[in-house]
Amino acid sequence: MSETLATFLASTPLLEESWRLCSVANMTFPGSYVVEQIGNVAYVAFSGRQMDSGSDHNRENPVRLDAEDGGLFAHLYRHSETEEPIRVHHGMLKLFLSLHQSLQSQNDRRDENHEMIFVHKSVRKSILYMFPYDQWEKDSKKNIIAELMGKVKSVVITGHSIGGTTAALSALWLLCHLQQYSLSSAIMPVLCITFGSPLLGNEALHRAILRERWGGNFCHVVSKHDILPRLLFADVGPYANAPNSKIHALLNFWHFCMASPHLIVAGLSSQLAADVEDLFNCVLRDMELLAQSEESSPSESSFQPFGSYVFCCNEGAICLENSAAVIKMLYLMLATGFPSCSIDDHLKYGDYVGKISSQFLLARNLDDLHQYSSFEAGVALALQSSELDKKEVEIMAKDCLEKARTGHNPNLEAAGLAIKLGKAAPYRAEIEWYKARCDEADDQTGYYDSFKLNAGTSIRESRVNMNRHRLAGFWNSVIHMLENNKLPQDFHRRSKWVNASQSYKLLVEPLDIADYYRKGLHRERGHYLQHGRERRYEIFDKWWKDRSVPEKEYKRSKYASLTQDSCFRARLEEAREWLDSVRTERDVTNRNLLWLKIEEFERYANQMIENKEVSKDVLFKNSSFTQWMEDLKEFKSQVKQFPPLFPGFLDGEVVP
């Protein structure tokens, strides 16, 4: 993925346009940001001159995201109840929230070469301006997507320095909201590009972004010696807490230079470098300890990189996405510098970005590489681009690059999974055979009720149960690999895996539901849909909903081979409980609510049957659904015959 991203960025104007707008925001709009549409791309560029809320660079500062964000990022932590909590830098989060909550906007102004530039005081306001957010809940999904596509085709959120972390939080917020309204980021691509931004969150945030497959949406451009992206790896508390601290002095210097980019500041940075030499050495020392560990074991409160990192210098750039390799490369590049260049490099991104897009390999460099394999040549070229020419540093950098490339091969892992899927086919086939035998049985119950009644009491059902667990183990391993970035970025959109997961879910989840209610777990934990459903099924629901080629609507001529709602039986089990409860419920309000739920399920079931979206076993004479329908019919008959026994009902209907 990192090679693809690097090629894409180098061959498009995205980096140059992003930096141009960051420069405009830095120079002209401190504490705010710029929104500009160029063609079909909308750019949101945050100013790096954000002092008040984000200037505390103490690494002991992170706070729990779910305790501070007011639910804005709920999509990120919704599956993290048993994991360590997501933590982010408190100052950066406060800065984002202050921008998000503000509803004031400045006047619009024209850019000389492009369309209107919109300058706003909040992320929400700017996104609302570009996208009709207030209509998302009112319109159908089709109309929403059409409206969004009519405005822009993609969004680039960018920022320099502290503005980069605000941009990252804004991109995360937008991605979460696209998911909340069932709008895939594949339909509306969102790319975040930061320049020299500090770290944002802990390892849990890194894992959450991997889990959502959003790593490819973030590109962090870091110059060779820039100290700011490295600060939070070190214990810089003594240098950050006082109002006149050395970090505050650094930020003030950078802000001054951002406001006056044409000012010659070499002498000023040299004078400042003497004051921050001990800060530079502190960062270098702590990063060395971190880089020397083969496998970092971050604490709950430590900061970790996420997304792809583009390391740039005068000779070109290299792109890495493996977090361990990123940390080591951050250290190795800083180790070749000194305090003054660690200050100056934070202001040189304009020079580096121009070279990334225009840099070509010299012919002499290519001639020297004919003796290498393509992999070795790639590593050699990356070393040339990194300017790590010290022998001992070059050896460590080569080792870092080789580990980043050979750590895992997503396409190879996917091919291995395909082989394992083939080996798991007999387990699925045996369950299909079991369903077919149940469909042909004289008892007319169907495979759901047969498994619910006989699991654990016969060899046949025991084998089905064993195969059910085997398939669950396989699909859980697929989810684990996907969420740990071991599979291709588009794996969850590949039709082979989308269709295979959907077929597995429709066949096997009814057996999971049967097992849940057979064991009486609904009495201990609550009903299946709220308290028993495995997360893999929720993930497969999302894959199916977001598939690139939606299923064409057509009228079925016969019943489906598998009920198209894998949770149909779970809804039926709840409806059975409602019907039992409504017979004895004395409270009129509660009874009315139960009856409304029963009617809602009845309408849903009748619609499924009318559309032939249920399998024929649902309608078998002795199936639990048929029995429920008969019980409901009998209850309605009793209501008509003995109305005094059922006050509140008239002709089988609820009356107020």
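First, a word on what this report is: a plain description of the structure on this page. As the structure is a computational prediction, the values presented were derived from the model and not from experiment.

### Some thoughts on the overall build of the protein
Per the secondary structure count, the protein includes 29 helices and 13 strands. For the protein, buried positions account for 53% of its 656 residues. Accessible area for the protein stands at about 30,000 Å²; split by element, carbon and sulfur atoms hold 50% of it.

### Re the packing of aromatic side chains
Counting across every chain of the model gives 25 aromatic pairs. When the ring of Phe491 is compared with that of Trp543, the centres are 6.3 Å apart and the planes differ by 80 degrees; the resulting orientation is edge-to-face. On the criterion of sequence distance, the pair formed by Phe491 in the loop between helix H22 (459-483) and helix H23 (495-518) and Trp543 in helix H26 (residues 535-545) is long-range, its members being 52 residues apart. Of the residues examined, Phe491 reaches a relative accessible area of 0% and is grouped as buried. Residues Tyr516 and Tyr517 carry aromatic rings whose centres are separated by 5.6 Å and whose planes lie at 75 degrees to one another, so their mutual orientation is edge-to-face.

### Details of the environment of Phe280
The topology assignment puts Phe280 in helix H13 (residues 277-292). The spacing of Phe280 and Leu231 is 49 residues in sequence and 8.9 Å in space, taken between C-alpha atoms. Residues contacting Phe280, with those up to four places away along its chain left out, are Ile227, Leu334, Gly337, Phe338, Pro339 and Ser342.

### Digging into the environment of Ile157
With respect to the helices, strands and loops of the structure, Ile157 is situated in strand E7 (residues 154-160). A relative accessible area of 2% places Ile157 in the buried class. Along the primary structure Ile157 and Val190 are separated by 33 residues, whereas in three dimensions their C-alpha atoms are 7.6 Å apart.

### What about H13?
Here H13 contains 16 residues, and its C-alpha end-to-end distance of 22 Å stays within 8% of the 22 Å for a straight helix at 1.5 Å per residue. Along H13, the residues that are buried comprise Leu279, Phe280, Cys282, Val283, Leu284, Asp286, Met287 and Ala291.

Criteria and cut-off values
- Residues numbered from 1 in each chain as written.
- Predicted model: local features only at pLDDT ≥ 70, side-chain atom pairs only at ≥ 80, totals over all residues.
- Heavy atoms only, no water.
- Helix = DSSP H or I, 4+ residues; strand = E, 2+ residues; numbered from the N terminus.
- Buried < 20%, exposed > 50% of the residue type's maximum accessible area, 1.4 Å probe, protein only.
- Areas by Shrake-Rupley, 256 points an atom, 1.4 Å probe, with all protein chains shown as cover.
- Phe/Tyr/Trp six-rings, centres within 6.5 Å; stacked < 30°, edge-to-face > 60°.
- Contact = heavy atoms within 4.5 Å.
- Expected span 1.5 Å × (residues − 1).

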